[in-house]
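Summary of the model geometry
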Amino acid sequence: MAQLSPKPEWLKVRVPGGDTYHHLKETFRKLDLHTVCEEARCPNVGECWREGTATVMLLGDVCTRGCRFCAVTTGDPRGAVDVREPEHVARAIARLELQYVVMTMVNRDDLLDGGADHVARTVHRLHALRPDLLIETLVGDFQGHMSAVDAVVDAGPDVFAHNVEVVRRLTRAIRDVRSSYDQSLAVLRRAKERQRRLAADAAERGAPAPRRLTKSSIMVGIGETDDEVLEALRDLRAAGVDIVTLGQYLRPTPKHAPVQRFVEPEAFAAFERAALEMGFLYAASAPLVRSSYKAAEVFVRSLIDRSDGAAQQPASAAAGDAAAARVEALLEERLAVARREAARISAELDPTEAPPASAPRLVPASSLIRR
């Protein structure tokens, strides 16, 4: 079986390093920020951090669900929420030379709103401190409560992400019983509808409407067929998803679901072509791609490629090189802005400043109300 076979060459990566990587790692420690990039031992951490992208976990590290692919601790947090976290995380991230941040979360079924208000407050505060920073929220399904989805979308993240994780047939076997393939699609559909409504409202007021996108991710190699992957892609596109990522499932421990096959790079390339033909703005599909893989670049390419028509028809090598140069130039420009803004915030905020130690660690009252 695949789990007993040595990993193929295309799944081997270099140990991350470089000045930017080590600087960010040291800064995360000083600011007491926990990144999924490190804790999940993501193989792309070096690439993403060099481009100014990082993924931060909110709402603790204990998940109320127990999916068979995920190594996050399962338990009952009993409503424990650090009400200081939105302010602390926003201030900490604002000091970093990041151009794109992914704020993800564990499932918090112990909270009546699933933690949506907590995520929304973090987004609001970070927007206030660093308007230049692109923000992606990678959230759970909130048990299908659409008011919670609305709360996160209304906070204005540039990308609303929720992962369908696996194809329909495998959902019940791989994801927690409280998760549902159709529920995930409904969450993504609602997020896109809400984004469109907010954009329409802004247009009526004559206000600029920033581009807001939706995103999802599929793991392969866990027992699905290629046809089922294509079916999942069609379902996601029908739900209005703009960006999709596909990557190889790797078993975190022997207790988790086994790897059934190592999908070859050529198959990933075929999935990517199929996704673009379906109308996705961008698809990142490769063995080592993860949900937040080089998210800044994926976001930029999702806009540039469509404006160039690259997602509609194959481009020449020269056109492809030109588009790549545009992406690289824009990323460097955004990084320069990020460095300047991070320095400004660091000067304005006392780095030793911290909330009072006596601040209560209670669930916000708004989290006790299901709207």
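Since this is a predicted model, take the numbers as computed values, not measurements.

Among the 6 residues that make up strand β1 (residues 53-58), 6 are buried, leaving the element largely enclosed by the rest of the structure. Residues T53, T55 and M57 line one face of β1 and the alternating positions A54, V56 and L58 line the opposite face, and both faces are buried. Inspection of the sheet shows β1 paired to strand β4 (residues 100-105) by 6 bridges, in the parallel sense. Paired with T53 across the two strands is Y100, which belongs to β4.

Before going further, it helps to spend a moment on the sheet that holds β1. Read from one edge of the open sheet, 7 strands run β1-β4-β5-β6-β7-β8-β9, paired in parallel fashion. Taken across any chain shown, the strands that pair with only one partner, and hence form the sheet edges, are β1 and β9 (282-285). For this sheet, the mean inter-axis angle between neighbouring strands, taken without regard to orientation, is 20°. Where β4 and strand β5 (residues 134-138) come together, 5 bridges link them in parallel fashion. Within β5, the residue paired with V101 across the bridge is I135. Each of β1 and β4 touches helix α4 (residues 85-94); the most contacted strand, β1, lies at about 165° to it.

The next point concerns helix α8 (residues 181-204). In this model α8 runs 35 Å from its N-terminal to its C-terminal C-alpha over 24 residues, within 8% of the 34 Å that 1.5 Å per residue would give. For α8, the full list of buried residues reads Y181, Q183, S184, L185, V187, L188, A191, K192, R194, Q195 and A202. The secondary structure elements touched by the buried residues of α8 are α6 (146-154), β6 (159-161), α7 (171-174), β7 (213-220) and α9 (226-238). Sitting at the head of α8, S180 places a side-chain oxygen 3.3 Å from the backbone nitrogen of D182.

Turning our attention to the environment of H145. Among the structural elements, H145 can be located in the loop between β5 and α6. Each C-alpha atom, one on H145 and one on V187, is 8.4 Å from the other, the two residues being 42 residues apart in sequence.

With that settled, consider the packing of α4 against helix α5 (residues 116-129). Geometry of a packed helix pair, given as the angle between the helix axes and the separation of the axes. Running from N to C, α4 and α5 cross one another at 35°; their axes reach a closest spacing of 8 Å. The two elements α4 and α5 meet at a crossing, and its hand is right-handed. In contact with E85, P86, E87, V89, A90, R91, I93 and A94 of α4, α5 contributes H118, R121, T122, R125, L126 and L129. Looking at the contact of α4 with α5 residue by residue, the classes come out as 7 nonpolar, 2 polar and 5 charged.

Let us now look at the UniProt feature "binding site: [4Fe-4S] cluster 1" (unreviewed entry) in the protein. The sites that UniProt annotates as "binding site: [4Fe-4S] cluster 1" (unreviewed entry) are C37, C42, C48 and S292. For S292, the location among the structural elements is in the loop between β9 and α11 (295-308). Classification of S292 as buried rests on a relative accessible area of 13%.

On to the pattern of salt bridges. Evaluated as defined, the whole model comprises 24 salt bridges. Across the salt bridge formed by R125 and E87, the nearest N and O atoms sit 2.8 Å from each other. Pair noted here: R125 is in helix α5 and E87 is in helix α4, with a separation of 38 residues, a long-range link. Residue classification places R125 among the partly exposed positions, given a relative accessible area of 27%. Residue class for E87 comes out partly exposed when judged on its relative accessible area of 28%. Here R339 and E97 are joined by a salt bridge, their closest N and O atoms 3.8 Å apart. Separated by 242 residues along the polypeptide, R339 in helix α12 (residues 317-348) and E97 in the loop between α4 and β4 bring together distant segments of the chain. For E97, a relative accessible area of 32% gives the class partly exposed. Taken together, the shared-partner salt bridges connect R65, D109, D141, D176 and R178 into one network.

Criteria and thresholds
Residues numbered from 1 in each chain as written. Predicted model: local features only at pLDDT ≥ 70, side-chain atom pairs only at ≥ 80, totals over all residues. Heavy atoms only, no water. Buried < 20%, exposed > 50% of the residue type's maximum accessible area, 1.4 Å probe, protein only. Helix = DSSP H or I, 4+ residues; strand = E, 2+ residues; numbered from the N terminus. Pairing = 2+ DSSP bridges. Axes fitted to C-alpha atoms, helices over the stretch in contact; angles between N-to-C directions. Contact = heavy atoms within 4.5 Å. Expected span 1.5 Å × (residues − 1). Polar contact = N/O pair within 3.5 Å; in protein donor to acceptor, adjacent residues only side chain to side chain. Left-handed = near helix turned anticlockwise from the far one by under 90°. Nonpolar A, V, L, I, M, F, W, Y, C, P; charged D, E, K, R; others polar. UniProt positions renumbered as here; feature names shortened; annotations may be inferred. Salt bridge = Lys/Arg side-chain N within 4 Å of Asp/Glu carboxyl O.

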